[in-house]
Amino acid sequence: MFYDYHMHSNFSNDSKTDMEDMIKKSIDLGLKEICFTDHVDYDLDTDFDWGIDYNEYFNKLNFFQDKYRDKISIKKGIELGLQKQITDRCSEDSNKYPFDFIICSIHAINKLDLYFGEFFKDKTQREAYEAYFNELYTVIKKYKDYSVLGHLDLIKRYGAYDKILEDSLFSDIIETILKQVIYDGKGIELNTSCYRYNLPDLTPSRNIINIYKDLGGEIITTGSDSHNTTQIAYKFDYIYSYLKDSGFNYVCKFNQMKPEFIKI
Ligand SMILES: [Zn+2]
Ligand SMILES: [Zn+2]
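Residues numbered from 1 in each chain as written. Chains lettered and ligands numbered in written order. Predicted model: local features only at pLDDT ≥ 70, side-chain atom pairs only at ≥ 80, totals over all residues.

## Considering the overall build of the protein chain
Scanning the protein chain from terminus to terminus reveals seven helices and eleven strands. Taking 18 Å as the expected radius of gyration for a compact globule of 264 residues, we find that the protein chain reaches 17 Å, a close match to that expectation. Based on the C-alpha atoms only, the size of the protein chain along its principal axes is roughly 50 × 45 × 35 Å. A buried classification covers 41% of the 264 residues belonging to the protein chain. Taking the contacts inside the protein chain whose residues are at least 6 apart along the sequence as the reference set, 76% of them involve residues at least 24 apart. (Helix = DSSP H or I, 4+ residues; strand = E, 2+ residues; numbered from the N terminus. Rg over C-alpha atoms; globule rule 2.2 N^0.38 Å. Buried ≥ 20, exposed ≤ 12 C-beta atoms within 10 Å, placed from the backbone. Contact = placed C-beta atoms within 7 Å.)

Quick look at the structure:
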């Protein structure tokens, strides 16, 4: 049984797909539970808004939860784009609404969306990776209102480089982040968007997943990061067997921010 805990709909600026289409396709695929995690990214140096009308979002989620109650379980999540200067604002959102699940992601640093490349201009590749992991650690030292870290090594996706850098160059900060996650009772996700970005490894890498396991990390969710119906639960048959082979006996689903362990 697969759980897709990272899905977007047209509540996100970068998706055109209706929530209901995502739900219908998930039912067709035989999924028993999904979690919508639409984007909220504050304080970006761009013209457009990445906020969400939470009332409308929850109204829709409630409506579809009810409409499809016999066919699929639909959870209420959000993917918050954290930056160190907005942790309080994100905490406010996290606590104001009845979320089942919150993904803490770094999409931007110092207001610069990593997607647009400006962030990389005055840095070497190594400096860019270091800045990314340092930002993530700075954020989670303060911000605790989340369930899992989204696409932990996302930085590998961006920047116009010939190849990605080895985790071993950043092993200290990566371990520090993972220890903090475990200490706080949080988790990580395995995000299969790596296939869309032609990355040579999973997101996060198998190496990072192994370090997490070795440090005692147990909370892990699975997400496609789908923005349209063709991406839902992509490669989940592979990642579930991969996780089992790697010594994870459980994946997590969430109810009202509390993890529930599901045997693989
Ligand atoms: Zn993301
Ligand atoms: Zn996402």
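## Points about the pairing of strand S9 (residues 220-223)
Every other side chain in a regular strand lies on the same face of the sheet, so the side chains alternate between the two faces. Where burial is concerned, the two faces of S9 agree: the one with Ile-220 and Thr-222 and the one with Thr-221 and Gly-223 are both buried. In terms of strand pairing, strand S8 (residues 187-191) meets S9 through four bridges, oriented parallel. Each residue of the ladder has a partner; that of Ile-188, found in S9, is Ile-220. You can see the chain leave S8, run along helix H6 (residues 206-214) and come back into S9, and the turn it takes is right-handed. (Pairing = 2+ DSSP bridges. Right-handed = clockwise from strand over helix to strand, strands pointing away.)

## Observations regarding the nonpolar core
Burial of nonpolar side chains together is a common tendency in soluble globular proteins. Counting 62 residues, the largest nonpolar core has Leu-80, Leu-82, Ile-102, Cys-104, Ile-106, Tyr-132 and Ile-188 as the members making the most contacts within it. No other element matches helix H4 (residues 125-142), which puts six residues into this core. Excluding its chain neighbours within four sequence positions, the residues that come into contact with Ile-106 are Leu-82, Tyr-132, Glu-135, Leu-136, Val-139 and Leu-154. (Core = buried A, V, L, I, M, F, W, Y, C linked by C-beta atoms within 7 Å.)

## Observations concerning the packing of helix H5 (residues 171-183) against H6
Relative orientation of the contacting elements H5 and H6 amounts to 50°, with a least axis distance of 10 Å. On the basis of their axis angle, the class for H5 and H6 is oblique. Like other packed secondary-structure pairs, H5 and H6 cross with a definite hand, here right-handed. Contacts between H5 and H6 involve Ile-174, Glu-175 and Leu-178 on the former and, on the latter, Ile-208, Ile-211 and Tyr-212. For the contact of H5 with H6, a count of residues per class yields five nonpolar, no polar and one charged. (Axes fitted to C-alpha atoms, helices over the stretch in contact; angles between N-to-C directions. Parallel < 35°, antiparallel > 145°, perpendicular 65-115°, else oblique. Left-handed = near helix turned anticlockwise from the far one by under 90°. Nonpolar A, V, L, I, M, F, W, Y, C, P; charged D, E, K, R; others polar.)

## Some details on the sheet that holds strand S3 (residues 73-81)
Spatially, the seven strands line up as an open sheet ordered S1-S2-S3-S4-S7-S8-S9, and their pairing is parallel. On the outer flanks of this sheet lie strand S1 (3-7) and S9, each paired with one strand and no other. Here nine bridges tie strand S2 (residues 33-41) to S3, and the two strands are oriented parallel to one another. Bridge pairing in S3 links Cys-35 to Lys-75.

## Let's talk about H6
Among all positions in H6, only Ile-208, Ile-209 and Tyr-212 are buried. End-on, the buried residues of H6 take up no more than an arc of 100°, which puts them together on one face. Where H6 is buried, its residues touch H5 and S8. Downstream of H6 by a residue or two, Gly-216 has a phi angle that is positive, lying close to 105°. (Arc of directions from axis to C-beta.)

## Re the pairing of strand S11 (residues 258-263)
Of the pairings in the sheet, the one linking strand S10 (residues 250-255) to S11 comprises six bridges and is antiparallel in character. Within S11, the position partnered with Cys-252 by the bridge is Phe-261.

## A closer look at the environment of Tyr-129
Here Tyr-129 is to be found in helix H4. Spatially, the C-alpha atom of Tyr-129 lies 28 Å from that of Gly-247, the residues being 118 residues apart in sequence. In this structure, Tyr-129 is in contact with Ile-155, Leu-165 and Phe-170, ignoring residues within four places of it in sequence.

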